[in-house]
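# Coordinates in review
So the chains spell out like this:
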Amino acid sequence: MEWNPERRKRSSVSGSSWGNSSWMRFQRPLTSSPERPVAVWGMAAVWQQVLAVDARYNAYRTPTFPQFRTQYIRRRSQLLRDNAKAGYDPSLRKQYLRLRSQLLAQRYGPLSEQSSFRAYSNSIVRSSRTTLDRMEDFDDDPRALGARGHRRSVSRGSYQLQAQMNRAVYDERPPGSVVPTSVAEASRAMAGDTTLSENYAFAGMYHIFDQHVDEAVPKVQFANDDKHLLACCSLDGTISVCQLVPTPPVVLRVLKGHSRGVSDFAWSLSNDIIVSTSLDATMRIWATEDGKCIREIPDPDASELLCCTFQPMNNNLTVVGNGKHNLHVVNISTGKKVKGGSSKLTGRVLSLSFDSPGRILWAGDDKGSIFSFLFDMATGKLTKAKRLVVNEGSSITSISARSWISREARDPSLLINACINKLLLYRVVDNEGTLQLKRSFQIQQSSHPVRSIFCPLMSFRQGACIVTGSEDMCVYFFDVERATKAIVNKLQGHSAAVLDVSFNCDESLLASSDAKGMVIVWKREQK
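Residues numbered from 1 in each chain as written. Predicted model: local features only at pLDDT ≥ 70, side-chain atom pairs only at ≥ 80, totals over all residues. Heavy atoms only, no water.

In the annotation of an unreviewed UniProt entry, the protein is listed under the name WD repeat domain 13 and assigned to Podarcis muralis.

Spelled out as structure tokens, the structure:
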């Protein structure tokens, strides 16, 4: 069974449908953090829990008027946030939370029944063996060999050397000091001399976008080095470009042209172009200034396109993955695929990520494999290097690469969502993209295409944080170096599985999207 993000008839109970399998709605109480004052945290925790209860029952309110449901939850968020600022006794609010939960359960029924969702994936989890650290060479693959039949010689030392240099630099630094870079002081000003828990405390919802209501939003992303420009794509076939400042936030333009759902998109480095992929078997190039489609490029295999990414050093080249197991490097200026820039995976290609220099490309499929490719910067040719089987039969829904240069996490790393109820963190150990499991974090993900990110400022201060969506309708923040109780924060407010998250460049705002089409922009507390 394959990952098939088709728009289906929606369930009258759930509003938006995801998956042939059923899944249970989960809710966990927020716990207090030792780094924050108990009263302040308790107040924020209670109002977030109240909002989460309202959000979970929101699908049952006026089922034929989704706009009212969005307005209702937005107003509830505003009132609860105002009450939290007023500083009422948290114990009274906890009593209110219990009573409200009881009344809502009496009115709509308890939240214990399962809701049926038709998902991107017709498949989902298959019980099978897990080999989290097995890597396979492709010595028998002719595409990995040179002209004389010899394997390409690539130095395996630079990633190891980088990690050693990082350790040498940071072992000489006093504990708690920031990274000695030219941007460290700017980062200190943005992040502040605070703990991770304090840094990732949020004041509440800044804004809710509902233009894609009742259709899943699989991707949301801030523009590069921008605080207030945000885009999101939807299975309704459109892409929205939103401006968050000045208030009130607005949808600047809606990019229309795809005849089926939009599966992925990416900003160019200069933010003047967006490339999108769709289930209609085309990729489109959009001018963000006026929203016009510059070029439509059909998939070379006439298959639905499931993911895309720009080559970071050459935005003329885009890599796309399709439903026929193929990767293609496409020149968006000519609309043609690059010679030697195609390769085949073991399953449908769901996720892509380059390392920052653009020399290694990782691709994940719906059979549980991650492939690494060496990218020829001069020609755009792909050479298959390594394969990692994370979990046979499980979909690799997200890959994020980061060259970490910090005291706590000194190795280039990869963050993986793999539909095994865990978020996986790997270290990159050589120049061929070999991966070694560093640690994992418990989340709820067994079927949905959930994504995760590295926090953009983490390498310039003590501590390192990652953020992920989850099927229990929460956004989770994890400290990658905390041995126990790694959860730094948890945001509640969505009424469906959270599919994607994105920080703006200074981490003042976080956007999250869900399976029912709601996009929430969260505002971080000012220190």
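### Topic: the packing of aromatic side chains
Summed over the entire model, instances satisfying the criterion amount to seven aromatic pairs. Taking the centre distance of 6.4 Å and the plane angle of 25 degrees together, the rings of Phe 202 and Phe 503 count as stacked. Residue Phe 202 is located in strand S4 (residues 202-209), and its partner Phe 503 is located in strand S29 (residues 498-503); the two are separated by 301 residues in the primary sequence. Residue Phe 202 shares its accessibility class with Phe 503, and that shared class is buried. Centre to centre, the rings of Phe 477 and Phe 503 are 6.4 Å apart; their planes meet at 65 degrees, and the pair counts as edge-to-face. Within this pair, whereas Phe 477 is found in strand S27 (residues 474-479), its partner Phe 503 is found in strand S29, the two being separated by 26 residues in sequence. The same class applies to Phe 477 and to Phe 503, which are both buried. Taken together, the ring pairs in this structure connect Phe 202, Phe 477 and Phe 503 into an aromatic cluster. Over the aromatic face of Phe 265 sits the side chain of Lys 219, whose NZ or CZ is 5.1 Å from the ring centroid. (Phe/Tyr/Trp six-rings, centres within 6.5 Å; stacked < 30°, edge-to-face > 60°. Helix = DSSP H or I, 4+ residues; strand = E, 2+ residues; numbered from the N terminus. Buried < 20%, exposed > 50% of the residue type's maximum accessible area, 1.4 Å probe, protein only. Lys NZ or Arg CZ within 6 Å of the ring centre and 35° of its normal.)

### Brief notes about the sheet that holds strand S28 (residues 487-492)
Two orientations exist for strands paired in a sheet by backbone hydrogen bonds: parallel and antiparallel. Within the open sheet, the four strands sit side by side as S25-S26-S27-S28. Their pairing is antiparallel. Both outer strands of the open sheet, strand S25 (452-454) and S28, are each paired with one neighbouring strand and no more. For this sheet, the mean inter-axis angle between neighbouring strands, taken without regard to orientation, is 15 degrees. (Pairing = 2+ DSSP bridges. Axes fitted to C-alpha atoms, helices over the stretch in contact; angles between N-to-C directions.)

### Describing the nonpolar core
In terms of nonpolar packing, the biggest core is built from 31 residues, with Tyr 200, Phe 202, Val 467, Val 475, Phe 477, Phe 503 and Leu 510 touching the most fellow members. A per-element tally of this core places helix H1 (residues 38-57) first, with seven residues. When residues of this core are sorted by domain, at least three fall in each of domain 1 (48-77) and domain 2 (202-524). With 16 residues, the next largest nonpolar core counts Cys 307, Val 349, Leu 352 and Leu 361 among its residues. (Core = buried A, V, L, I, M, F, W, Y, C linked by side-chain atoms within 4.5 Å. Domains from an automatic or database assignment.)

### Here's the deal with the pattern of salt bridges
Applying the stated rule across the entire model yields nine salt bridges. The partner of Glu 304 in a salt bridge is Arg 348, with the nearest N and O atoms 2.3 Å apart. Residue Glu 304 is located in the loop between strand S12 (293-298) and strand S13 (305-311), and its partner Arg 348 is located in the loop between strand S16 (336-344) and strand S17 (349-354); the two are separated by 44 residues in the primary sequence. Note on accessibility: Glu 304 and Arg 348 belong to one class, buried. One salt bridge in this structure joins Glu 432 and Lys 386, with 4.0 Å as the shortest N-O distance. Here the residue Glu 432 occupies a position in the loop between strand S23 (422-428) and strand S24 (435-442), and Lys 386 occupies one in strand S20 (residues 382-389), the gap between them amounting to 46 residues. Overall, the relative accessible area of 5% leaves Glu 432 in the buried class. Lys 386 gets classed as buried once you look at its relative accessible area, which sits at 7%. Among the charged side chains, a network of salt bridges with common partners joins Lys 219, Asp 264 and Arg 451. (Salt bridge = Lys/Arg side-chain N within 4 Å of Asp/Glu carboxyl O.)

### Some remarks on the pairing of strand S18 (residues 360-365)
Counting buried positions over the six residues of S18 gives six, a clear majority of the element. Taking every second residue as pointing to the same face, both faces of S18 are buried, with Ile 360, Trp 362 and Gly 364 on one and Leu 361, Ala 363 and Asp 365 on the other. Bridge analysis of S17 against S18 gives five bridges, and the strand direction is antiparallel. Looking at the pairing, Phe 354 lines up with Leu 361 of S18. The antiparallel pairing of S17 with S18 creates a hairpin that spans five residues between the two strands, and Gly 358 there sits at a positive phi of about 80 degrees. Pairing between S18 and strand S19 (residues 369-375): five bridges, direction antiparallel. Within S19, the position partnered with Trp 362 by the bridge is Ser 372. Where S18 folds back onto S19 in an antiparallel hairpin, the turn is made up of three residues, including Gly 368, whose phi is positive at roughly 90 degrees.

### Points about unusual backbone geometry
Trans is the prevailing form of peptide bonds, just as negative phi is the prevailing case for residues other than glycine. With omega at 5 degrees, the peptide bond leading from Val 245 into Pro 246 counts as cis. As for its placement among the helices and strands, Pro 246 is situated in the loop between strand S7 (238-243) and strand S8 (250-256). Thr 247 connects to Pro 248 through a cis peptide bond whose omega is 0 degrees. With respect to the helices and strands, Pro 248 occurs in the loop between S7 and S8. The backbone of Asp 225 sits at a positive phi, close to 50 degrees, despite the residue not being glycine. Within the secondary structure, Asp 225 is located in the loop between strand S5 (219-222) and strand S6 (229-233). Positive phi is not limited to glycine here, since Glu 507 has a value of about 65 degrees. Looking at the element boundaries, Glu 507 is found in the loop between S29 and strand S30 (509-514).

### Section: the sheet that holds S7
Pairing is antiparallel across the open sheet formed by four strands, whose spatial order is S5-S6-S7-S8. Of all the strands in the sheet, just S5 and S8 have a single pairing partner and so form its edges. On average, adjacent strands in this sheet sit at an angle of 20 degrees to one another, irrespective of strand direction. Relative to S6, S5 runs antiparallel, the two being bridged by four bridges. Looking at S6, one finds that Val 220 is bridged to Cys 232.

### Focus on the side chain of Asp 514
Relative to the elements of secondary structure, Asp 514 occurs in strand S30. Buried charge without a salt bridge: Asp 514, with Lys 516 as the nearest opposite-charge side chain at an N-O distance of 7.8 Å. Polar side-chain contacts of Asp 514 include one of 3.0 Å to the backbone nitrogen of Gly 517. There is a polar contact of 3.0 Å between the side chain of Asp 514 and the backbone nitrogen of Met 518. Residue contacts for Asp 514: discarding those within four places in its chain leaves Ala 216, Val 217, His 494, Ser 495, Ala 496, Ala 497, Val 498 and Leu 499. (Lys, Arg positive; Asp, Glu negative; His and termini not counted. Polar contact = N/O pair within 3.5 Å; in protein donor to acceptor, adjacent residues only side chain to side chain. Contact = heavy atoms within 4.5 Å.)

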